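Fold and contact review
Listed here are the chains, written in short residue letters.
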Amino acid sequence: MRRARLSVTAAAALLALGAAGPAGSPVGSSMGPDAPVADAAMRGDLAAVRSLLDAGEDVNGARGDGMTALHWAAMKGRLDLAEMLVDAGADLEAGTRLGGHTPLHVASRAAQAPLVEALLQAGADATAATTTAATPLHFAAAAGSAAAIEALVRHGADPDAREPEWGQTPIMFAAAAGRAGSARALLEAGADASLTAYVLDVVARDAWDQLDRRERNARIAALRVGRTPPAPAERGAAPMPTAGAGPGLQPVRLEDPEEPTCSGCLGNYADLVSTHGGLTALLLAAREGHEDVAFALLEHGADIDQRSAADGTTPLLMAMINGHFDLAMRFFAEGADPGLASDAGATPLYAAINMHWAPKARHPQPTDVNQQEWSYLEVMRTLLKRGSTRTRG
């Protein structure tokens with residue numbers, strides 16, 4: 001079976017800090033307007049920052065990437081430097097050029113809990129969103145900082161805030177990143193582990209893509225013969241067709257009779273997949289094999305058999321599909337139902353067999369299955385002994 005995954009690029013886009021990230025790479029920091037205070041803060045030179053401020057230099061001066069001195073203090077965990085800058089009037093809500101990340105976003109992503117607390121105490125907005133609508137709490141959850149999570153929630157952050165691309169909440173970020181401490185902190189703060197991410201309508205998106213291709217080809221053909229390219233067809237407001245809890249699905253207009261879509265054709269990828277996404281935090285933990293996160297969620301009441309909103313995949317099946325046999329059998333021991341099939345009819349027994357015998361492509365394959373204590377034969381024997389005879393629904 002195809003390895004089910006959320007869009008890695010979407011999660012990466014939410015974590016990107018543009019030209020400079022909390023990991024410390026000051027790409028582009030030597031370009032753009034003169035910002036000596038930011039430069040000194042980037043070096044961590046407290047004395048130089050003090051001297052420059054005393055000389056009247058702009059505390060909010062930013063280089064081409066938008067990183068101010070306070071961004072750098074937040075990234076480096078320099079509480080002394082941050083306090084000096086805030087006292088000098090540093091802008092708590094200054095955003096980076098790419099992403100619009102505030103110092104609080106930077107401190108949260110860098111797991112700098114003392115800086116997070118200090119910025120919040122100074123008045124930073126705990127609910128501020130980047131241009132991709134990720135909040136500081138999303139970043140703190142992915143970074144694994146329980147202290148930062150507690151501080152953000154105490155200052156008004158929503159434990160169930162969704163980013164708009166996939167509708168992921170902070171606890172979903174924590175689960176995907178393997179942050180059990182973050183998951184526990186969020187659950188204690190009231191996060192809802194039963195929420196599912198948005199469901200992508202793959203058929204609608206495929207139709208949308210075909211319309212885009214036709215329009216592009218028509219524009220190119222018109223330009224080649226010197227005509228004015230035709231105006232794009234109306235699509236509504238949604239840039240990506242979604243279903244379920246996502247943004248309102250706008251109609252996709254396909255009115256070109258000369259080039260019909262392949263919707264409904266046998267073997268068409270979009271029709272075979274139909275929908276994608278709709279994962280819970282537990283399904284994300286199962287997909288990645290994060291046992292500590294999975295059981296932290298179960299200890300706080302997550303439903304061991306809750307299906308994905310897209311295709312009915314259970315945590316047990318998700319773990320099997322991705323070769324995490326040890327986690328799958330722990331789910332089984334805790335009472336997960338091995339007879340529950342996905343909407344496509346796949347069961348855990350089928351997934352175990354398929355993981356071993358499915359044809360493999362020449363490109364590198366997932367290797368987690370080769371690192372399990374449970375073999376696929378032992379999984380099969382155990383499930384069959386317990387009466388699980390269904391390989392397909």
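Above this text sits the structure in question.
Let us look at the structure shown here.

Our focus in this paragraph is the overall build of the protein chain. Broken down by element type, the protein chain carries 19 helices and three strands. Here the protein chain holds 393 residues, and the buried ones make up 48% of them. Relative to all contacts within the protein chain whose residues are 6 or more apart in sequence, the contacts with residues 24 or more apart total 74%.

Now for the pattern of salt bridges. Under the criterion given, the structure shown has six salt bridges. A salt bridge links glutamate 288 to arginine 287; its shortest N-O distance comes to 2.7 Å. Neither glutamate 288 nor arginine 287 differs from the other in exposure class; each is buried. Note that glutamate 291 is salt-bridged to arginine 330, the shortest N-O span being 3.0 Å. On the criterion of sequence distance, the pair formed by glutamate 291 in helix α15 (residues 291-299) and arginine 330 in helix α17 (residues 325-333) is long-range, its members being 39 residues apart. Under the relative-accessibility criterion, glutamate 291 is labelled partly exposed at 26%. Assessed through its relative accessible area of 38%, arginine 330 is described here as partly exposed. Bridged by salt links that share partners, the residues Glu117, Glu150 and Arg154 form one connected network.

Attention now goes to the nonpolar core. Core analysis: the biggest nonpolar cluster contains 88 residues, and Val49, Leu85, Leu152, Ile171, Leu297, Met320 and Phe331 have the highest contact counts within it. Once residues lying within four places of it in the same chain are set aside, the contact partners of valine 49 are Val37, Ala40, Ala41, Leu81, Met84 and Leu85.

The next subject is unusual backbone geometry. The phi angle at alanine 111 is positive, at roughly 60°, despite the residue not being glycine. Its place among the elements puts alanine 111 in the loop between α6 (103-109) and α7 (113-121). For alanine 133, which is not glycine, the phi dihedral falls at a positive 65°. Tracing the backbone shows alanine 133 in the loop between α7 and α8 (136-143).

Once that is clear, we can look at helix α11 (residues 180-188). Residues Ala180, Ser182, Ala183, Ala185, Leu186 and Leu187 constitute the buried set of α11. Buried residues in α11 make contact with α8, α9 (146-154), α10 (170-177) and α15. Downstream of α11 by a residue or two, glycine 190 has a phi angle that is positive, lying close to 100°.

A few words now on the packing of α8 against α10. It is the contact of α8 with α10, at a shortest axis distance of 7 Å, that shows an interaxial angle of 20°. Regarding the angle of α8 to α10, the classification is roughly parallel. In this structure, the crossing between α8 and α10 has a hand that is right-handed. Along its contact with α8, which presents Leu137, His138, Ala141 and Ala142, the element α10 presents Pro170, Phe173, Ala174 and Ala177. In the contact of α8 with α10, the residues fall into seven nonpolar, one polar and no charged.

Now for the environment of alanine 294. For alanine 294, the location among the structural elements is in helix α15. Taking the relative accessible area as the measure of exposure, alanine 294 reaches 0% and is therefore buried. For alanine 294 and alanine 175, which are 119 residues apart along the polypeptide, the C-alpha to C-alpha distance reads 7.6 Å. When residues no more than four places from it in sequence are discounted, the contact partners of alanine 294 are Leu282, Ala285, Leu327 and Phe331.

A separate point is the side chain of serine 182. Examined against the element boundaries, serine 182 turns out to sit in helix α11. Excluding its chain neighbours within four sequence positions, the residues that come into contact with serine 182 are Ala140, Ala141, Gly144, Ser145, Ile149 and Ala174.

How two aromatic rings sit relative to each other is set out by the distance from centre to centre and by the angle between their planes. Tallied over the entire structure, the rule returns two aromatic pairs. Look at tryptophan 357 and tyrosine 376: their rings are 6.4 Å apart centre to centre, the planes differ by 85°, and that puts the pair in the edge-to-face class. Here tryptophan 357, found in helix α18 (residues 348-357), pairs with tyrosine 376, found in helix α19 (residues 376-385); they are 19 residues apart in sequence, far enough to count as distant. Under the relative-accessibility criterion, tryptophan 357 is labelled exposed at 59%. Take tyrosine 376: its relative accessible area is 14%, and that puts it in the buried class. Here arginine 330 stacks its cationic end above the ring of phenylalanine 295, 3.8 Å away from the centre of that ring.

Here we take up the side chain of aspartate 65. Structurally, the position occupied by aspartate 65 is in the loop between α3 (46-54) and α4 (69-76). No salt bridge is formed by the buried aspartate 65; its nearest oppositely charged neighbour, arginine 63, is found at 6.8 Å. Within the structure, aspartate 65 has its side chain in polar contact with the backbone nitrogen of methionine 67 (distance 2.9 Å).

Attention now goes to the environment of glycine 123. Relative to the helices and strands, glycine 123 resides in the loop between α7 and α8. What makes glycine 123 exposed here is its relative accessible area of 51%. Residues glycine 123 and glutamate 93, spaced 30 residues apart in sequence, show a C-alpha to C-alpha distance of 9.4 Å. Among all residues touching glycine 123, those that are not within four sequence positions of it are Leu92 and Glu93.

Thresholds, definitions, all that
Residues numbered from 1 in each chain as written. Predicted model: local features only at pLDDT ≥ 70, side-chain atom pairs only at ≥ 80, totals over all residues. Heavy atoms only, no water. Helix = DSSP H or I, 4+ residues; strand = E, 2+ residues; numbered from the N terminus. Buried < 20%, exposed > 50% of the residue type's maximum accessible area, 1.4 Å probe, protein only. Contact = heavy atoms within 4.5 Å. Salt bridge = Lys/Arg side-chain N within 4 Å of Asp/Glu carboxyl O. Core = buried A, V, L, I, M, F, W, Y, C linked by side-chain atoms within 4.5 Å. Axes fitted to C-alpha atoms, helices over the stretch in contact; angles between N-to-C directions. Parallel < 35°, antiparallel > 145°, perpendicular 65-115°, else oblique. Left-handed = near helix turned anticlockwise from the far one by under 90°. Nonpolar A, V, L, I, M, F, W, Y, C, P; charged D, E, K, R; others polar. Phe/Tyr/Trp six-rings, centres within 6.5 Å; stacked < 30°, edge-to-face > 60°. Lys NZ or Arg CZ within 6 Å of the ring centre and 35° of its normal. Lys, Arg positive; Asp, Glu negative; His and termini not counted. Polar contact = N/O pair within 3.5 Å; in protein donor to acceptor, adjacent residues only side chain to side chain.

Any functional reading would require information beyond the geometric quantities listed.
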